[in-house]
Amino acid sequence: MSVLPFIDIGLSILVVTVAASTIFMQELFAAVVSYVAYGLLLAFVWIRLYAPDVALTEAAIGSGVTGVLLITAGKRLVPLSRTTTEAEPTLTLRVFAGTFAALVACALGAAILVLPDEPPSLAPEAAVAASGAGAGLGNPITAVLISYRSFDTMLEKIVLILAVVAVWSIGTDGAWGNAPAQLRQARPHPEMVFLAQVLVPIGTLIGIHIFWVGADAPGGAFQGGALLAAMWMMAMMAHLTEPPRIDVRWLRLALVAGPAVFLIVGLAGVFMAGSFFAYPPSLAKPIILFIETFMVLSIAAALPMLVAGPPNERPVP
Amino acid sequence: MTTAALAGLVGAALVGFGLYGLIVQPHPLRKLLAFNLIGSGVFLVFGIVARRGAAAGFPFDPVPQAMVITGIVVAFAASAVAVALIWRLYSETGHVTLDPDAWTEPSRERES
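Everything numeric in this text was worked out from a predicted model, so none of it was measured.

### Remarks on the overall build of chain A
Per the secondary structure count, chain A includes 11 helices and 0 strands. Reading the secondary structure of chain A in the N-to-C direction produces α-α-α-α-α-α-α-α-α-α-α. Expressed as a percentage of its 317 residues, the buried residues of chain A come to 44%. Taking the contacts inside chain A whose residues are at least 6 apart along the sequence as the reference set, 74% of them involve residues at least 24 apart.

This is the structure we're talking about:
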């Protein structure tokens, strides 16, 4: 008898417990920390579902980068959680909300248990796409992302840029064009600086590797880009580099490079392969890797800018 | 019970906890945490659809998985905008609350 069912059950209990602790924890900061732990545990659940690509994304972005964002925000906001004049929710509200949430969860669980035995699947269509325009790619997820559902992936990059524009616009009028506040206000510990000096070159290499193998194995532009973004953030936290001013040209070019190249190649497909976002099969793999290179650049630029937040009021001397 | 069904039930439980936190927790950052919990629960339910939809020689259906990857990135982008809004709300009003009555109180004591 295999031990896997027990691992599954143990993992499920652990994930639900840690998720509950993010909700019921008294301290704000403790809740944020358990959210990060929860994201990492969830990555294991994804691995058990035969989804290593999703697991990598969840660990890197869902837990890692979101964790940095929330911990930075939490540290800024923790002193303020005492100054809020918020009334605690009444017992009636708690009971009502608890019943409502339990009902929704039970309905969802019941729906999952009675799913039809003959599951609907887009896998055959995706397989056709993967052997057609996505030819030469061994990883079906990458084939779907860049070939079968390429328009979604392109629009998602535009969502990232829109989010960066939104975050920048939330700053005050006078701050426009300045650099965002430093990710870490206090002077970094020497250990932190050393860690960043050692880890950033290695992590950059691993990020590029994950992007490169993504054509044939789990990995890809999102996961690799997120790792490069993490390395940049680590360098900023150790004060090895400053967050750039938001009006410098190289930053803006890096942000739009991914979607712009994707769109141009997509339009070129109209003339070269007969339809929008179609690639000539003989050139599909080089074209897809070309698009992904610029997408990695855009992701690596956009994620740290989203974490760094709006531009700072005072210009950095 | 299969791995997929178990993961689906975990997803359902996550949605339940997230929904409760979203309603009950007063702090906006905690509401954001709860909302992200609902989001990852929905992704997990979507993920078991990918697991069950194995066909055409794949051990899983790659289309929902690719959409979940897209979804995780978009959820992060939305969280970043939310954090920026919460921070601006604090620097404008001096309070971190969604209760409009608190905003009308002058926050000048903080500045003086």
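### A look at the overall build of chain B
On a plain count of helices and strands, chain B comes out with 5 helices and 0 strands. Counting from the amino terminus, helix and strand elements in chain B follow one another as α-α-α-α-α. Expressed as a percentage of its 112 residues, the buried residues of chain B come to 60%.

### Topic: the environment of Phe 194 of chain A
Inspection of the secondary structure puts Phe 194 of chain A in helix H8 (residues 190–213). Each C-alpha atom, one on Phe 194 of chain A and one on Phe 100 of chain A, is 50 Å from the other, the two residues being 94 residues apart in sequence.

### What to know about the domain arrangement of chain A
Residues and elements named next belong to chain A. In terms of domains, chain A is made up of domain 1 (1–120) and domain 2 (132–317). Contact with domain 1, which involves 11 residues of that partner, is made by 14 residues of domain 2. Broken down by class, the residue content of the side of domain 1 that touches domain 2 amounts to 7 nonpolar, 3 polar and 1 charged.

### Observations concerning the interface of chain B and chain A
In this assembly, 71 residues from chain B lie in contact with 80 residues from chain A. Residue assignment for the side of chain B that touches chain A shows that the elements contributing at least two residues are helix H1 (3–24), helix H2 (28–52) and helix H3 (62–93) of chain B. Across the side of chain B that touches chain A, the residue classes break down as 51 nonpolar, 14 polar and 6 charged.

### Regarding the packing of helix H1 (residues 4–24) of chain A against helix H2 (residues 28–48) of chain A
Residues and elements named next belong to chain A. Contact geometry of H1 with H2 gives a least axis separation of 8 Å together with a crossing angle of 155°. The pairing of H1 with H2 is recorded here as roughly antiparallel in orientation. Judged by the sense of rotation from one axis to the other, the crossing of H1 with H2 is left-handed. Two secondary-structure elements touch here, H1 through Asp 8, Leu 11, Leu 14, Val 15, Val 18, Ala 19, Ser 21 and Thr 22 and H2 through Ala 31, Ser 34, Tyr 35, Ala 37, Tyr 38, Leu 41, Leu 42, Phe 44, Val 45 and Arg 48. Tallied by class, the residues present in the contact of H1 with H2 amount to 13 nonpolar, 3 polar and 2 charged.

### Brief notes about the confidence of the model for chain B
Residues and elements named next belong to chain B. For chain B, mean pLDDT is 80; residues scoring 70 or higher make up 81% of the total. The least confident element of chain B is helix H5 (residues 108–111), whose mean pLDDT is 45; the most confident is H1, at 89. Per-residue pLDDT stays below 50 along residues 107–112; that stretch engages in 4 contacts with residues further than four places along the chain or on separate chains. In the predicted assembly, ipTM is 0.84 and pTM is 0.85.

### Some thoughts on unusual backbone geometry
Residue and element names in this part refer to chain A. Backbone geometry at His 239 places phi at a positive 60°, although glycine is not the residue there. One can find His 239 in the loop between helix H9 (221–237) and helix H10 (249–272). Residue classification places His 239 among the partly exposed residues on the basis of 16 C-beta atoms within 10 Å.

### What to know about H9 of chain A
Think of an α-helix as 3.6 residues a turn; residues three or four steps apart then line up on the same face. All names here are of chain A. Helix length check: H9, at 17 residues, gives a terminal C-alpha distance of 24 Å against a target of 24 Å (1.5 Å per residue), a fit within 8%. Burial analysis of H9 places 16 of its 17 residues in the buried class, the great majority of the element. Downstream of H9 by a residue or two, His 239 has a phi angle that is positive, lying close to 60°.

About the criteria used
- Per-chain numbering applies: the sequence of each chain, read as written, is numbered from 1 onward.
- For this description, chains carry letters from A and ligands carry numbers from 1, given in the order in which they are written.
- Selection of residues for local features in this predicted model requires a pLDDT of at least 70, selection of side-chain atom pairs for listing and counting requires 80 or more, and totals for whole chains, interfaces and linings are taken over all residues.
- Helical segments are the DSSP runs of H or I of at least four residues, strand segments are the runs of E of at least two, and each set is numbered from the N terminus.
- For the exposure call, what matters is how many other C-beta atoms sit within 10 Å of a residue's own: 20 or more marks it buried, 12 or fewer exposed, and in between partly exposed, using C-beta atoms placed from the backbone.
- Residues are defined as contacting one another if the C-beta atoms placed from their backbone atoms lie within 7 Å.
- Boundaries of every domain are those given by an automatic assignment or by a domain database.
- Here the nonpolar group is Ala, Val, Leu, Ile, Met, Phe, Trp, Tyr, Cys and Pro; Asp, Glu, Lys and Arg are the charged ones; every other residue, Gly included, is treated as polar.
- Convention adopted: a line fitted to C-alpha atoms gives each axis, helices being fitted over their contacting stretch, and angles between N-to-C directions are expressed from 0 to 180 degrees.
- Angle categories are assigned with fixed cut-offs, so that under 35 degrees is roughly parallel, over 145 is roughly antiparallel, 65 to 115 is roughly perpendicular, and the rest are oblique.
- Put simply, a crossing is left-handed when the front helix is turned counterclockwise from the back one by less than a right angle, and right-handed when it is turned clockwise.
- One number per residue, pLDDT, summarises how confident the predictor is, and it ranges from 0 to 100.
- By this rule, a helix spans an expected 1.5 Å times one less than how many residues it contains.

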